[in-house]
Amino acid sequence: MPPETVTVAKSPARTGPTDRSRARARAARHHKLLVHGTRVLLLVGLIGLWEGLARAAVIDPFNFSMPSRIWDQMSQWALHGTPQGSLWEQIWYTLYEALLGWVIGVIGGVVLGIALGRIRFLADVLGPYIKVLNALPRIVLAPIFLIWFGLGPASKVASAVVLVFFPVFFNAFQGAREVDRNLVANSRILGASNRQVTLQVVIPSATSWIFTSLHVSFGFALIGAIVGEYIGATKGLGLLVSASQGTFNAAGVYAAMVILAVVALLAEGLLAFLERRLFRWKPADAADGR
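Residues numbered from 1 in each chain as written. Predicted model: local features only at pLDDT ≥ 70, side-chain atom pairs only at ≥ 80, totals over all residues. Heavy atoms only, no water.

Topic: the overall build of the protein chain
The line we're drawing: Labels follow the DSSP assignment, with helices taken as runs of H or I lasting at least four residues and strands as runs of E lasting at least two, numbered in each case from the N terminus. Throughout, exposure labels follow a simple rule: accessible area from a 1.4 Å probe, protein chains only, divided by the maximum for the residue type, with under 20% read as buried, over 50% as exposed, and the rest as partly exposed. Any pair of residues with heavy atoms lying within 4.5 Å of one another is described as a contacting pair.
Within the protein chain one finds 12 helices and zero strands. Sequence-ordered secondary structure for the protein chain, helices as α and strands as β, is α-α-α-α-α-α-α-α-α-α-α-α. Here the protein chain, with 290 residues, has 33% of them falling under the buried criterion. Contacts spanning at least 24 positions in sequence make up 73% of the contacts within the protein chain whose residues lie at least 6 apart.

Laid out in structure tokens, this is it:
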């Protein structure tokens, strides 16, 4: 009889850390592609639905316009300019006002927020006044700024500053208050002065809080500039919205809104890039808020 054949079962190969990392990376790429693809399909579907409903007269194309007319309006502005001048000049004018107001509001909010977060006496004295100012509907200050500063960019910058200041201030204040007390105590044991504690411990610890407010505050700066231009200006995207509304040009109103959305998205992307560069030490899940 033939000798018995003994079969030895092979144990499955163990999955090492490298294989698991590659699998996670592939899953993350697939998830990212799926998310981006779904976003594009959703946008295309909404635009197509809007265009179809307007062409079928289900919605009034005069009041609601349609994507094709909006695209034509943007192309006309880009190629032949606007009644107020070049489209790029209007974009730059609004962007300049928003950026200047954003920078001033951020600097003021960070400095005052850190100061009140570190100095209890200042917080007790100025706290009620800041709460009262924050309770005011700040957007209605735009007409007052127009009276004070005229039709030039100063009134739009002021509107942007008051909208940017408060979210940045409250985040910086909370970030200064949430600093790990053990870090502060250890730095004092090592002989650090109040100035060194603020610059080397408090501000770095509050940076993530401050960056959280920056993502929102630039949108507020754009709103401040646009509202100021809408009320009264000689140039800018807000003036385009106002002029289009005055001539019942719904496509022009939507076209200016689309341009504003693109500018805001580009600014948000730049801030997100800077945040990733500054916080490379953070785990990816922590950076995403998960």
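Comments concerning the side chain of Q90
The following threshold applies: Polar contact is the term for a pair of N or O atoms within 3.5 Å; when the atoms are in protein, one must be able to donate a hydrogen and the other to accept it, and sequence-neighboring residues count only if both atoms are side-chain atoms.
Considering the arrangement of structural elements, one finds Q90 in helix α4 (residues 87-118). Only 3.3 Å separates the side chain of Q90 from the backbone oxygen of Q84, close enough to count as a polar contact. Those residues within four positions of Q90 in sequence are excluded, and the remaining contacts are T82, Q84, G85, K235, G236, L237 and L240.

As for the nonpolar core
The condition that has to hold: Only buried Ala, Val, Leu, Ile, Met, Phe, Trp, Tyr and Cys residues count toward a nonpolar core, and they belong to the same one when joined by side-chain atoms within 4.5 Å.
Within the largest apolar cluster, 35 residues are counted, with the highest numbers of intra-cluster contacts made by W77, L87, W102, V106, L214, L237 and I259. Put simply, the parts of the chain that give this core at least two residues each are α3 (67-80), α4, α7 (153-177), α9 (194-231), α10 (237-246) and α11 (250-278). Considering each element in turn, this core owes the most residues, nine residues, to α9. Discounting residues that sit within four places of it in the chain, W77 has contacts with T82, L87, L240, S244, G252, A255, A256 and I259. Counting residues in each nonpolar core, the second largest holds seven residues, with L116, A123, F165 and F173 among its members.

Topic: the pattern of salt bridges
Going by this rule: A pairing counts as a salt bridge when a side-chain nitrogen of Lys or Arg comes within 4 Å of a carboxyl oxygen of Asp or Glu.
Within this structure, the stated rule accounts for three salt bridges. Between E51 and R55 there is a salt bridge, with its nearest N and O atoms 2.6 Å apart. With E51 and R55 both in helix α1 (residues 17-55), this residue pair falls four residues apart, about one helical turn. The exposure class assigned to R55 is exposed, which follows from its relative accessible area of 59%. A salt bridge links K235 to E89; its shortest N-O distance comes to 2.5 Å. Remark: E89 occurs in helix α4 and K235 occurs in the loop between α9 and α10; sequence separation between them is 146 residues.

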